[in-house]
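In case you want the letters, here they are:
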Amino acid sequence: MRPDEIASAVRRAVLERVIRPGQVLNQEELAKWFGVSRIPLREALRTLVGEGLIIIKPGLGAIVTELDLAAVEELYGLRLRLEPPLAADIVEQLQPADISELSRMSERLVDVMDERGEAWSSTAYAFNRRLYEVSARRHTVRLVAQVLNLVEPYARMHAQIPGARDRTTEVAGALVRALEARNQVKVQRRIQEGIESTRSLLVTAMASVTTHDDQPPSGDSGR
C-alpha cells in the first residue's frame, strides 16, 4: 500500500471511532496489518499529524488526538468563523449538478436515519465537505476540512444524542432549498444554525458526562 492509502485507511478508522480519541497507535501492529514496512507507515502518520488527527508524544509515539470540552468549544467557534462566510462563494459558483448532488446526499441522510450512527455520520460529513468544495475557495476549504476532521469523532458522538440526527437532517434539507433559491443570506444562516445546534448539543452532552464522572460513588460521603 502507498502512504496515502494507509493514511486514508487510518483516517477513516479514526473518523468512524474504530480507533478512539486518546488511543496509542502501535506502529509495529499497524505495519503488519497493512502488510508494509515502517517507512510508508511513518510517512502516512506524518500526513495525519499535519491534519491534526494524530499527535506524536516522546516516549509514547503516535496518539489519536483527544479533544476536551474547551477544545470542542474552540473548534466549533473556528467553524463559525470559517464556514458561514463561504455562503457567498457557494452561491456564486453553484451549478445545477451541485444542487442535484447535494439534494441526493440530503435525501440519503433521511434514508440512513434508522441505521447505525456510522452510516449517518459519514453521510453528514460528506454533505458538509461537498457543500464547501462548491465554493472553489481551495485554501479555505482545506482549513475547513482539517477542522471537520478534528471534530468528526465528536460529531459522531453528537449523532447518538436523542434528536440530534433529526435536527441536522432538517438543517441539511433547508440548506438545499436555500441553494435551489440561490439565497445567499439563507444559505449562510442555515450553515450557522447547523454548527451552533451541533455545538450546543455536544457541549451539553460532554459536560453532563464530565459532571457524572466527577460525582463520588453511591454511598460515598464525598470526603
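As the structure is a prediction and not an experimental result, all values here were calculated from the model.

Reading the values: the criteria
- Residues numbered from 1 in each chain as written.
- Predicted model: local features only at pLDDT ≥ 70, side-chain atom pairs only at ≥ 80, totals over all residues.
- Heavy atoms only, no water.
- Helix = DSSP H or I, 4+ residues; strand = E, 2+ residues; numbered from the N terminus.
- Buried < 20%, exposed > 50% of the residue type's maximum accessible area, 1.4 Å probe, protein only.
- Contact = heavy atoms within 4.5 Å.
- Areas by Shrake-Rupley, 256 points an atom, 1.4 Å probe, with all protein chains shown as cover.
- pLDDT = per-residue confidence, 0-100.
- Pairing = 2+ DSSP bridges.
- Core = buried A, V, L, I, M, F, W, Y, C linked by side-chain atoms within 4.5 Å.
- Expected span 1.5 Å × (residues − 1).
- Arc of directions from axis to C-beta.

Some remarks on the overall build of the protein
Alright, step 1. Regarding its fold elements, the protein presents 10 helices and 2 strands.
Alright, step 2. Listing every helix and strand of the protein by position from the N terminus yields α-α-α-β-β-α-α-α-α-α-α-α.
Alright, step 3. Taking all 223 residues of the protein together, 46% fall into the buried category.
Alright, step 4. When contacts within the protein are restricted to residue pairs at least 6 apart in sequence, those whose partners lie at least 24 apart make up 75%.
Alright, step 5. As presented, the protein carries roughly 12,200 Å² of accessible surface, and 49% of it is formed by carbon and sulfur atoms.

Side note on the confidence of the model for the protein
Alright, step 1. In the predicted model, the protein carries a mean pLDDT of 86, and the fraction of residues at 70 or more is 90%.
Alright, step 2. Looking over the protein, one finds the lowest element-wise mean pLDDT in helix 10 (residues 184-214), namely 82, and the highest in helix 5 (residues 87-93), namely 98.
Alright, step 3. Note that residues 216-223 has pLDDT below 50 and, in this model, 1 contact with residues that lie over four places away or in other chains.

Points about the pairing of strand 1 (residues 54-57)
Alright, step 1. Pairing between strand 1 and strand 2 (residues 61-64): 4 bridges, direction antiparallel. Across the sheet, the residue bridging to Ile-56 is Ala-62, located in strand 2.
Alright, step 2. As consecutive antiparallel partners, strand 1 and strand 2 are separated by 3 residues, and within that stretch Gly-59 has a phi angle of approximately 85°, a positive value.

Remarks on the nonpolar core
Alright, step 1. Ile-90, Leu-131, Tyr-132, Val-187 and Ile-191 are the most contacted members of the largest nonpolar core, which has 42 residues in total.
Alright, step 2. Contributing elements (two or more residues each) for this core: helix 4 (69-82), helix 5, helix 6 (96-111), helix 7 (117-133), helix 8 (138-158), helix 9 (164-180) and helix 10.
Alright, step 3. Counting residues per element, this core draws most heavily on helix 8, which supplies 8 residues.
Alright, step 4. Every residue in contact with Tyr-132, bar those within four places of it in the chain, is listed here: Arg-79, Glu-83, Leu-86, Ile-90, Val-141, Val-144, Leu-148 and Ile-191.
Alright, step 5. Core analysis: the next-biggest nonpolar cluster, separate from the first, contains 20 residues, Ala-7, Ala-13, Ile-54 and Val-64 among them.

Observations regarding the environment of Ile-55
Alright, step 1. By the secondary structure assignment, Ile-55 is in strand 1.
Alright, step 2. Put simply, Ile-55 and Glu-66 are 11 residues apart on the chain and 9.3 Å apart in space, counted from C-alpha to C-alpha.
Alright, step 3. Among all residues touching Ile-55, those that are not within four sequence positions of it are Gly-61, Ala-62, Ile-63 and Thr-65.

Remarks on the environment of Val-187
Alright, step 1. Looking at where Val-187 falls in the secondary structure, it is placed in helix 10.
Alright, step 2. Apart from the residues within four sequence positions on either side, Val-187 is in contact with Ala-87, Val-91, Leu-175, Ala-178 and Leu-179.

Brief notes about helix 6
Alright, step 1. Taking 1.5 Å of rise per residue, the 16 residues of helix 6 would be expected to cover 22 Å, and the 23 Å separating its terminal C-alpha atoms lies within 8% of that figure.
Alright, step 2. The set of residues buried in helix 6 consists of Asp-98, Ile-99, Leu-102, Ser-103, Met-105, Ser-106 and Leu-109. Burial along helix 6 is one-sided: seen end-on, the buried residues are contained in an arc of 165°. Turned more than 90 degrees off the buried face of helix 6, the exposed positions are Pro-96, Ala-97, Arg-104 and Asp-111.

Quick word on unusual backbone geometry
Peptide bonds are mostly trans, and most non-glycine residues show a negative phi.
Alright, step 1. A positive phi angle is found at Ala-136, which is not glycine, with a value near 65°.
Alright, step 2. Along the chain, Ala-136 falls in the loop between helix 7 and helix 8.
Alright, step 3. Within the chain, Arg-182 stands out as a residue other than glycine whose phi angle is a positive 50°.
Alright, step 4. Note that Arg-182 resides in the loop between helix 9 and helix 10.
Alright, step 5. A relative accessible area of 38% means that Arg-182 is categorised as partly exposed.

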